[in-house]
Structures are given as C-alpha cells and as structure tokens.
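Fold and contact review
Spelled out from the first residue to the last, the chains are:
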Amino acid sequence: MTDEAEIRSIDDRPIDEELIGDSVDTALGMALSTSTRADIDWWTAALIGHLNLLLGEELGADNDPKVKSLFSEAYKLLDLNHRPTDETPAFSAFSYLRQTGLLTSRFLTVYSQRSRTDAG
C-alpha cells in the first residue's frame, strides 16, 4: 500500500516559470502583419491556460490591493463575453492576445516574487 503522504496531488507540482515566460515572450513578440489568425488563436489559448494556472495560486490577494486588482482584471479579461470569437476581426483578436500576454507576465512576476519570498 502507498502511504497517503507519498501521493502527490497535481496541485503540488511547481509552476514552470520558464515555460510561461517563454510563452509570454513568444506571444508578445508576434507581429500582426506576419501572424496568421490560427497562430493568434493558438497562442491566446496557451496564455489563457497559463493565466488560469497562475490564478489558482495563493498570491496574497487578500492582503495586497495591487494583487487583488490584478485578479479583478484577469477575471474581466477571461470572461467569455470578452474573448474573441471566430467572427472577431484579426486586429481585435491580436489585441486580446497582447492583453492576455501582458497580464500573464504581471501574474508571473508576482508569483516569482512570492515564490522567492516563501522559499527564503
């Protein structure tokens, strides 16, 4: 039998900060003039996944008004009514990609700072 203490939850895995950072850098490095709509949609979905992962972390929103504001901004951005659809013009979808990338980057910064503080 396996001891319950040895069983690790998926929630116990550390967030891959390098992967998220590379994804943000790649997405923010895209140019509308050289990006296909499929690329924009793919990177948007990837960033939404990263952002949702970071939203699940304890980042101190209860005690830090700036972090609480970030959460509010993220929830508004991720609202299905604000997300691009197939009918959304490429420029608007690209703008949403950039907003998602910038917000994910801000969350990653908070996560990284908290991780270093908690470890130290």
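Just so we're clear, the structure is a prediction, and the values are computed from it rather than from any experiment.

This part covers the packing of helix α2 (residues 37–55) against helix α3 (residues 65–78). Axis separation between α2 and α3 bottoms out at 11 Å; the angle between their running directions is 140 degrees. Accordingly, the angle class assigned to the pair α2 and α3 is oblique. Crossing geometry of α2 relative to α3 is assigned as left-handed. Judged by residue contacts, I48, L51, N52 and L55 of α2 engage F71, A74, Y75 and L78 from α3. Looking at the contact of α2 with α3 residue by residue, the classes come out as 7 nonpolar, 1 polar and no charged.

So, about helix α1 (residues 17–28). Counted at 1.5 Å a residue, the expected span for α1 with its 12 residues is 16 Å, and the 16 Å between its end C-alpha atoms agrees. Of the residues making up α1, those classed as buried are I20, G21, S23, V24 and A27. Angular distribution of buried residues about the axis of α1 spans 160 degrees; they occupy a single face of the element. More than 90 degrees from the buried face of α1, the exposed residues found are E18 and D25. The backbone nitrogen of E18 has a side-chain oxygen 3.3 Å away, supplied by the residue at the start of α1, namely D16.

Here the focus is the environment of G101. For G101, the position within the fold is in helix α4 (residues 90–119). Spatially, the C-alpha atom of G101 lies 6.7 Å from that of A27, the residues being 74 residues apart in sequence. The contacts of G101, once residues within four sequence positions are left out, are V24, L28 and L47.

Calculation rules
Residues numbered from 1 in each chain as written. Predicted model: local features only at pLDDT ≥ 70, side-chain atom pairs only at ≥ 80, totals over all residues. Heavy atoms only, no water. Axes fitted to C-alpha atoms, helices over the stretch in contact; angles between N-to-C directions. Helix = DSSP H or I, 4+ residues; strand = E, 2+ residues; numbered from the N terminus. Parallel < 35°, antiparallel > 145°, perpendicular 65-115°, else oblique. Left-handed = near helix turned anticlockwise from the far one by under 90°. Contact = heavy atoms within 4.5 Å. Nonpolar A, V, L, I, M, F, W, Y, C, P; charged D, E, K, R; others polar. Expected span 1.5 Å × (residues − 1). Buried < 20%, exposed > 50% of the residue type's maximum accessible area, 1.4 Å probe, protein only. Arc of directions from axis to C-beta. Polar contact = N/O pair within 3.5 Å; in protein donor to acceptor, adjacent residues only side chain to side chain.

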